[in-house]
Each structure stands twice: as structure tokens, then as C-alpha cells.
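Next come the chains, spelled out residue by residue.
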Amino acid sequence: MSLPEKPPRKAGLLMIVSAVMASFLGIRRRNDYESDAASLSLGQVVIAGIVGGIVFVAGVVVLVKVVMANLTSGN
Amino acid sequence: MNIATAANGHVTAHDDHDHAPKGMMRWLTTTNHKDIGSMYLWFSFFMFLVGGCMALTIRSELFQPGLQIVRPEFFNQLTTLHGLIMVFGAIMPAFVGFANWMIPLQIGASDMAFGRMNNWSFWLLPPAALLLVASMFVPGGAAAAGWTLYPPLTIQQGMGMDMAIFAIHILGISSIMGSINIITTILNLRAPGMTLMKMPLFCWTWLITAYLIIAVMPILAGAVTMTLTDRHFGTHFFSAAGGGDPVLFQHIFWFFGHPEVYIVIIPGFGVVSQVISTFSRKPVFGYASMVYAIAAIGILSFTVWAHHMYTTGMPISAQLYFMYATMLIAVPTGVKIFNWTATMWRGSLSFETPMLFAIGFIFLFTLGGFSGLVLAMAAVDVQMQDTYYVVAHFHYTMVAGALFSAFAGLYYWLPKWTGHMYNEKMGQLHFWLSFVFFNMTFFVQHFLGIAGMPRRIPDYALQFTEFNQISTIGAFGFGLSQLLVVYNVISCMRSGEKAPAKPWEGAEGLEWEVPSPAPHHTWEVQPIIK
């Protein structure tokens, strides 16, 4: 007798974020990808990707502000 | 991938029935994805030759300093039309041709989702091409502002500019319709069991490219429409004299233009992934990583546009932002190079023509990527902007990148399309001649650029002569080498050795389950993927 199949785990926020961050780096472990495939929906990924893009831009802007502040204070 | 064999009984005599109507009307009215794919491919190859002839005229003029062959005004028209024709008339339609032929075959669909729209998408191309080419013969000549169409030049030129604007509108409509078709086909017509993450990478790359096209083509259409209203309807969007801002155009153009770079290259990534996997006899390394990275590039490509315009005036903080963002977006692209290399690692490699072009792609595209990183540094770019270094860089990505991957795909799928094998020796000769002459043409242009030779100028200082002569000889060698592929394809269609359904030992995927040549109708009964 085979065991009943477990329903796919619902994706948590951390899992979505880690999938998007992995995509920005371009590296994903097979196990992580398989659990992504089982529990993430396309809509979640697209929204998280766009939010990730905004966070990426904001992160670079903050980095630039820090660099600029150091530049001006160095003078 | 397991395919239920019961479903493969689709190949029956009626699949290859006679076509009605016959002759020219067959091609004018066809809704068949294979017919339309073939037309896209022939059209793009013809435009590749037209754009190539323009490039050879440019290189002939640059063989010596001074003006010998064309007037400067015509030289500017040639550089402009060469760019527009190669990007919109050759590379993009070539990959749409691949998509039309291969996506339904690869996902087990009987055709594209919208057959008539597919027909219209193709038949919009010839009028657009005609407008571009015919614009050379109108008063004032063709558009001569460079393919980037920067004002104020675009506001001042003759009716050739209006024809170019109209051509871009038409090409944009065609691309958007093609993309809607591709997205709908992939999302709705996949065979049972063909989940998104089981799709071949070529389909994935096209899914993301199609989204990019729909996102950015309207932006280009908006930019050229604003140019049109500036020219004829009294607006001053880009006219400084009327309170407008020419730099605004550059921002809008490159917000389209940078994703466009990825539109051109991403389907090539898909082709190369499949070719490398087949001839390494291994599944592609990091399939999921590739999908994730390509999707990420699709989003991040919108955040780096102004690295094309560091010298047009922007605050240092903006320069820093675009420099950092550009460097970072190189990471997911770079990872793909490692994935392809890892796919080959300890594989059972063989070096048929498609594999040679794919390896040539990896090697030369990486060089193009590195010179892109050099240009991404704002401080360096101030020196390099509008020099031949930029010309060398983007030809490494467009020719050795997009064109080489298209040749890899052409040789890879030609047996499936025609039912015959091409001449392998001639294919390999085509690769080696293209490889050597490509580098002869474009590698030296890095040195010319570093030494300060400006692009889009028909004359140059004496010290640039030798490198320009090498480049011109290389260009003619490269151009003439392409006649080999014409001969090889035609002789393959007419008299090549009969190809089996799966001519490549390591090939995987649904397209190899149907006979060669692929019958006119395939997958009328969808296969079941287990």
C-alpha cells in the first residue's frame, strides 16, 4: 500500500525571497528548485521579482549615497 | 523525459497532404507555423545580406583615410540603415523564425495559438523593410542620425526619417503580435505533462524575451512618435529651441534600448544551451539556475539604461548608480557562461558545426561581455564613448553572440526542417572562416577605439590606416564566407543525405520524435509527457 501523497507545502515569504535572490545571482540548488517548483506560483514569483527589482535599485542607490557621503567628507 | 508512445501515432499520411491554395497564395495566406517560420528565416537572411552589403560599403570607404567611395551624407545613411536593418530586420526576425518553427514542436502543440495573427506578423515585415530601403531614394536620402535616432538630427532630416519612423512603427507592431502569439502558445498549448519547468530552455528564453518585447516596443514607438510630432505637428518634446530636451529622447530610447539588447541575445542563449547539451551528451548543467537567471535579467535589464549615455550630462551619483547596477547585472549573465562550460565538462563531446558555433559563441560573447564591463565604468567610458571600442564591443555581442547562436540553431535544426543533412565539412569551413574573419574585422577595432578613432565618421587620421585596412579585409572575408551557408542550405534542401528523425545522438526533446522533415501538421494529437 502506498502512502498518500503529501499536499505541496505553501510557500512562505522567506522561500519566495530566497528564490528571487537566487535568480538575481543565477544560482539555485536542485533541492531548493524542486521545492520552489512544488510550492511557488507564477504570480508570486512575478510579484516578488518586481519587488526584488525595486529593492535592488534601492540598495544600489543607498550604496551610491554612502560612497558619495564618504567622497564629500573626505574632501 | 518520458513520452507516451501511443500519442506518437500522429504521423499519418494525411499530415503531409497537399497544400491549398498553391503557389504564391499558399505563402500569402498560410497560417501554418512551419511555413511562417520558414518565411521569417528566409526574410531575415535576405535582410542580413542587405545589411551586410551596407556594412561592406562602410568598410570599403574606411579602407583608406580620405573620401573615396561615398559622400559623407550617404555614409551616415549607411551606418543608420545597417544598424536598423540588422537589429530589426535580420536578428529579431531570425529568432522569431526559430520560435515559430520550434516552439510548437518542442511543447507538443499542433500550431501557434493565433495562426492568422502569425501570418500578419510576418507580412508586416516586407513593407517595413521596403520603407527602410526605399528611403535611400527619396529627396534628402534615408535617415542618417544613427540607429539610435537621436535628436536634434532626427528633427532636421528629410522625409527618409518619416519613412524610418513608420517602418519602426510597423516592425514594432509585428514584434508585439509575434510576442503575444508566443506567450499564449507557451502558456496555453503545452502538451499534458509538459510543465513550465520541463520545457526546453529555448522555449523559456523566448517566453521571457516575448514579455520584454511587449514591455519595451511601445516605448520605442512612443519615442519615435514624439519625434514625428516634433517634426510635423509643432510639438517640442526634444527641441531645445522650443523648450524641449534632446537628452529626454536618449533616456526614453535607452529605456527601450537596453532591454532590446537582451531581446536580441536571450533566444540565442536558449539555442546555445540546447546545442551544448546535445553535443556534450549531457543534460544542461543548472537548468533551474538558467531559468532563474534569465528571468532575473528580464527584470534587471530595465534598471541600467543610462550606462549608454554617461557623457550626455548626469550627476556623478547617477553615474555611480548606473555603473554599479551594470556591473551587478553582469553576474547572472556570467553565471550562464559557467553553466555552459560545466555542461561540457566531462561530457562526451563531438564538434559538429552547431557545436562549433556554440563554442565560438561562448568564447566571443564572453569577450564582448568583458568589453561591456570596461565600458560600464563611467570614468573609462568618458574616453571610449562613440569610439570604435564601442563598435567592437557590440559587434562581439551582436555578431559573435546573436548571429553565431543563430547559425548554431540553423545547422542544428536544418535536418528537421529539410529532411536532409547539410554538408558537414562545408559547415565547419563556414564556422572557421567566420570565426577568423570576424576577429580580424572587429578585434582590431578595440585598438582603434582606445586610440581615439570616432565611430560614424567616414574619414580618419593617418595613424589609424593599418588597423582599418585589416578590419576591411576581414569584413570582406566574413561577408564572402556567408555565401557558404547560402550554398550549403540550398544544396542540403535539394540533394543532402536523408536525415533520420533524430540526427544527433545526444539530442533530447519532442522535436526529435517527429520525422524529418517535420510533416506539415504535427502533434494534432498531443503527446503525453510523463
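A.B. asks: In this structure, what is going on with the overall build of chain B? I would like to understand it.
C.D. replies: Counting secondary structure elements, chain B contains 16 helices and zero strands. Relative to a compact globule of 530 residues, whose C-alpha radius of gyration would be 24 Å, chain B shows 23 Å and is just as compact. Its C-alpha atoms put chain B at 70 × 50 × 45 Å along the principal axes. For chain B, the residues scored as buried account for 62% of the 530 residues in total. Long-range contacts, defined here as pairs at least 24 residues apart, represent 83% of the contacts in chain B between residues at least 6 apart. Element-wise, carbon and sulfur atoms account for 70% of the exposed surface of chain B, whose accessible area totals about 19,600 Å². For chain B, the distance from the average position of its 21 positive side-chain charges to the average position of its 23 negative side-chain charges is 7 Å.

A.B. asks: Is there a simple way to think about the overall build of chain A in this case?
C.D. replies: A tally of regular secondary structure across chain A gives three helices and zero strands. Sequence-ordered secondary structure for chain A, helices as α and strands as β, is α-α-α. Classification of the 75 residues of chain A by burial places 29% in the buried group. When the accessible area of chain A is evaluated, it comes to approximately 5,600 Å², of which 69% is carbon and sulfur surface.

A.B. asks: Please explain the interface of chain B and chain A as it appears in this structure.
C.D. replies: Many analyses report the size of an interface as the accessible area lost when the parts associate. Taken together, the contact pairs 20 residues of chain B with 22 residues of chain A. Approximately 1,900 Å² of surface area, both sides summed, lies buried where chain B meets chain A, with 81% of it carried by carbon and sulfur atoms. Per-residue buried area on chain B facing chain A is highest for Tyr 292, Tyr 321 and Tyr 324 of chain B; these three make up 30% of the total on that side. At the boundary of chain B with chain A, the tally comes to zero salt bridges. For the side of chain B that touches chain A, the elements supplying multiple residues, two or more each, are helix 10 (287-300) and helix 11 (316-344) of chain B. The biggest single contributor to the side of chain B that touches chain A is helix 11 of chain B, with ten residues.

A.B. asks: How should I be thinking about the pattern of salt bridges in this particular structure?
C.D. replies: As a working rule, side chains carrying opposite charge can pair if their charged atoms are close by. All names here are of chain B. Under the defined criterion, the tally for this structure stands at five salt bridges over all chains. Measuring nitrogen to oxygen at the nearest pair gives 3.5 Å for the salt bridge that ties Arg 71 to Glu 73. Classification of Glu 73 by relative accessible area gives partly exposed; the value is 45%. Residues Arg 281 and Glu 505 are paired through a salt bridge, measuring 2.7 Å at the closest nitrogen-oxygen approach. Taken together, the positions of Arg 281 in the loop between helix 9 (246-280) and helix 10 and Glu 505 in the segment after helix 16 (465-495) put the pair 224 residues apart, joining distant regions of the chain. The class for Arg 281 is partly exposed, based on a relative accessible area of 28%.

A.B. asks: Got a minute to help me understand the nonpolar core in this structure?
C.D. replies: As a rule of thumb, soluble globular proteins bury nonpolar side chains together. All names here are of chain B. Counting 188 residues, the largest nonpolar core has Phe 88 and Trp 206 as the members making the most contacts within it. For this core, the element with the most residues is helix 3 (residues 72-107), which contributes 20 residues. Among all residues touching Trp 206, those that are not within four sequence positions of it are Phe 95, Val 96, Ala 99, Ile 103, Ile 182, Ile 213 and Pro 267.

A.B. asks: Is there a simple way to explain unusual backbone geometry in this structure?
C.D. replies: Glycine aside, negative phi is the norm for most residues, and most peptide bonds take the trans geometry. Residue and element names in this part refer to chain B. With an omega dihedral of 10 degrees, the bond running from Pro 151 to Pro 152 counts as a cis peptide bond. Looking along the chain, the bond that leaves Ser 516 and enters Pro 517 is cis, with omega of -5 degrees. Along the chain, Pro 517 falls in the segment after helix 16. Located in the positive-phi region is Arg 281, a residue other than glycine, with phi close to 55 degrees.

A.B. asks: When you look at the packing of helix 10 of chain B against helix 11 of chain B in this model, what are you seeing that I'm missing?
C.D. replies: All names here are of chain B. Where helix 10 contacts helix 11, the axes come no closer than 9 Å and their chain directions differ by 155 degrees. Here helix 10 is positioned roughly antiparallel relative to helix 11, judged by the angle of their axes. Of the two possible hands of crossing, helix 10 and helix 11 adopt the one that is left-handed. Contacts from Ser 289, Met 290, Ala 293, Ile 294, Ile 297 and Leu 300 in helix 10 reach Ile 329, Pro 332, Thr 333, Lys 336, Asn 339 and Trp 340 in helix 11. In terms of residue class, the contact of helix 10 with helix 11 is built from eight nonpolar, three polar and one charged.

A.B. asks: So what exactly am I meant to see when it comes to a nonpolar patch on the surface here?
C.D. replies: A grouping of Leu 42, Val 46, Ile 50 and Ile 54 of chain A together with Leu 187 and Tyr 211 of chain B is seen on the molecular surface, where their side chains present a nonpolar patch of about 560 Å² in accessible area. Within the secondary structure layout, Ile 54 of chain A lies in helix 3 (residues 42-74). Assessed through its relative accessible area of 55%, Ile 54 of chain A is described here as exposed.

A.B. asks: Where do I start with the packing of helix 3 of chain B against helix 14 (residues 388-418) of chain B in this structure?
C.D. replies: Two measures define how a pair of helices packs: the angle their axes make with one another and the distance between the axes. All names here are of chain B. The interhelical angle for the contact between helix 3 and helix 14, taken along N-to-C directions, is 35 degrees, at an axis separation of 11 Å. Here helix 3 runs over helix 14; the crossing is left-handed. Residue-level contacts link His 82, Ile 91, Phe 95, Phe 98, Trp 101, Met 102, Leu 105 and Gln 106 of helix 3 to His 395, Met 398, Ala 402, Ser 405, Ala 406, Gly 409, Leu 410, Trp 413, Lys 416 and Trp 417 of helix 14. Looking at the contact of helix 3 with helix 14 residue by residue, the class counts come to twelve nonpolar, five polar and one charged.

A.B. asks: Please explain helix 7 (residues 159-188) of chain B as it appears in this structure.
C.D. replies: In this model, helix 7 of chain B (30 residues) spans 44 Å end to end at C-alpha, consistent with the 44 Å of a helix rising 1.5 Å per residue. Burial within helix 7 of chain B is extensive, with 23 of its 30 residues counted as buried.

A.B. asks: Got a minute to help me understand the confidence of the model for chain B in this structure?
C.D. replies: All names here are of chain B. In the predicted model, chain B carries a mean pLDDT of 93, and the fraction of residues at 70 or more is 96%. Mean pLDDT across the secondary structure elements of chain B bottoms out at helix 10, with 88, and peaks at helix 15 (residues 424-450), with 97. Overall, residues 5-14 carries pLDDT values under 50, and its contacts beyond four positions in sequence, including any with other chains, amount to 16 contacts. Among the scores for the predicted complex, ipTM is 0.80 and pTM is 0.92.

A.B. asks: Can you walk me through the packing of aromatic side chains in this structure?
C.D. replies: Any aromatic ring pair is given by two values, namely how distant the centres are and how the planes are angled relative to each other. Residues and elements named next belong to chain B. For the coordinates displayed, the defined rule picks out 52 aromatic pairs over all chains. Geometrically, the ring pair formed by Phe 253 and Trp 254 is edge-to-face, given 5.0 Å between the ring centres and 90 degrees between the ring planes. The buried category is assigned to Phe 253, whose relative accessible area is 1%. Its guanidinium or amino end placed over the ring of Trp 27, Arg 26 lies 4.3 Å from that ring's centre, counting from NZ or CZ.

A.B. asks: Help me understand the environment of Leu 349 of chain B, please; the structure alone is not making it clear to me.
C.D. replies: Residue and element names in this part refer to chain B. Its location among the elements puts Leu 349 in the loop between helix 11 and helix 12 (353-376). A residue is classified by how much of its surface remains accessible, and Leu 349, at 34% relative accessible area, is partly exposed. Here the alpha-carbon distance between Leu 349 and Ile 276, two residues 73 residues apart in the chain, equals 8.9 Å.

About the cut-offs
- Residues numbered from 1 in each chain as written.
- Chains lettered and ligands numbered in written order.
- Predicted model: local features only at pLDDT ≥ 70, side-chain atom pairs only at ≥ 80, totals over all residues.
- Heavy atoms only, no water.
- Helix = DSSP H or I, 4+ residues; strand = E, 2+ residues; numbered from the N terminus.
- Rg over C-alpha atoms; globule rule 2.2 N^0.38 Å.
- Buried < 20%, exposed > 50% of the residue type's maximum accessible area, 1.4 Å probe, protein only.
- Contact = heavy atoms within 4.5 Å.
- Areas by Shrake-Rupley, 256 points an atom, 1.4 Å probe, with all protein chains shown as cover.
- Lys, Arg positive; Asp, Glu negative; His and termini not counted.
- Charge placed at Lys NZ, Arg CZ, Asp CG, Glu CD.
- Buried area = accessible area lost by both parts, 1.4 Å probe.
- Salt bridge = Lys/Arg side-chain N within 4 Å of Asp/Glu carboxyl O.
- Core = buried A, V, L, I, M, F, W, Y, C linked by side-chain atoms within 4.5 Å.
- Axes fitted to C-alpha atoms, helices over the stretch in contact; angles between N-to-C directions.
- Parallel < 35°, antiparallel > 145°, perpendicular 65-115°, else oblique.
- Left-handed = near helix turned anticlockwise from the far one by under 90°.
- Nonpolar A, V, L, I, M, F, W, Y, C, P; charged D, E, K, R; others polar.
- Patch = residues over 30% accessible without salt bridge, like charges linked within 9 Å, V, L, I, M, F, W, Y side chains within 5 Å.
- Expected span 1.5 Å × (residues − 1).
- pLDDT = per-residue confidence, 0-100.
- Phe/Tyr/Trp six-rings, centres within 6.5 Å; stacked < 30°, edge-to-face > 60°.
- Lys NZ or Arg CZ within 6 Å of the ring centre and 35° of its normal.

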